[in-house]
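Here is how the chains run, residue by residue.
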Amino acid sequence: MFTTYVVVVVATVVSNIAAAIADFLRAPWILGNMSKYGVPHSWLYPLGIAKAVGALGVLAGLAVPAIGVAAAAGLVLYFIGAVVTVARARWYSHLPFPAVFLLLAIGSLVLRLAAR
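## Here we look at the packing of helix α1 (residues 2–24) against helix α3 (residues 44–60)
Direction vectors running N to C along α1 and α3 enclose 160°, while the axes themselves pass 8 Å from each other. When the axes of α1 and α3 are compared, the pair comes out roughly antiparallel. The handedness of the crossing between α1 and α3 comes out as left-handed. Seen from α1, the contacting residues are Y5, V9, T12, V13, N16, I17, A19, A20, D23 and F24; seen from α3, they are L44, Y45, L47, G48, I49, K51, A52, A55, L56, V58 and L59. Classifying every residue of the contact of α1 with α3 gives 16 nonpolar, three polar and two charged.

## Section: the side chain of T12
Within the fold, T12 resides in helix α1. Within the local environment of T12, its side chain forms a polar contact with the backbone oxygen of L104, the two atoms lying 3.3 Å apart. Look past the residues within four positions of T12 in its chain and what remains in contact with it is V58, L75, L104, A105 and S108.

## With respect to the packing of α1 against helix α5 (residues 96–114)
One can describe the packing of α1 onto α5 by two numbers: an axis separation of 9 Å at closest approach and a directional angle of 145°. Where α1 crosses over α5, the handedness of that crossing is left-handed. Here T4, Y5, V8, V9, A11, T12, S15, N16 and A19 of α1 come into contact with α5, specifically with F101, L104, A105, G107, S108, L111 and R112. Here the contact of α1 with α5 is composed, by residue class, of nine nonpolar, six polar and one charged.

## Some words on the environment of A55
In this structure, A55 sits in helix α3. With 45 residues separating them in the primary sequence, A55 and V10 have C-alpha atoms 9.2 Å apart. Here A55 is in contact with V13, N16, I17 and L75, once residues within four sequence places are set aside.

## As for the confidence of the model for the protein chain
Where the model shows low pLDDT, its predicted coordinates should not be examined in detail. Within the protein chain, residue pLDDT values average 96, and 99% of them lie at 70 or more. When mean pLDDT is compared element by element in the protein chain, α3 scores highest at 98, while helix α2 (residues 28–37) scores lowest at 95.

Analysis parameters
Residues numbered from 1 in each chain as written. Predicted model: local features only at pLDDT ≥ 70, side-chain atom pairs only at ≥ 80, totals over all residues. Heavy atoms only, no water. Axes fitted to C-alpha atoms, helices over the stretch in contact; angles between N-to-C directions. Helix = DSSP H or I, 4+ residues; strand = E, 2+ residues; numbered from the N terminus. Parallel < 35°, antiparallel > 145°, perpendicular 65-115°, else oblique. Left-handed = near helix turned anticlockwise from the far one by under 90°. Contact = heavy atoms within 4.5 Å. Nonpolar A, V, L, I, M, F, W, Y, C, P; charged D, E, K, R; others polar. Polar contact = N/O pair within 3.5 Å; in protein donor to acceptor, adjacent residues only side chain to side chain. pLDDT = per-residue confidence, 0-100.

Structure follows, in structure tokens:
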């Protein structure tokens, strides 16, 4: 069980750090998507920081379980918000992207709780 948890944590951390870096670099496709979803471009850095901090917290959860639970729960809430934002903008073809991140965050949370 713990090995599965570590694999999911690594996938969660790598994907969220990559997404945060893309946010910090202000990738043109991200700016375009934010415009489509009605999200102000000024939110890009704070959203990137939230992803990066969540990823680092999930990683820290390998050593300190309470931090991992809190970080994974934060990422779950973050990506629920992302899914809702994309759905409200009616860009249904884009829903799989935040949904994958949401599933990774849920997996990290559930497996961290199970590994206790």
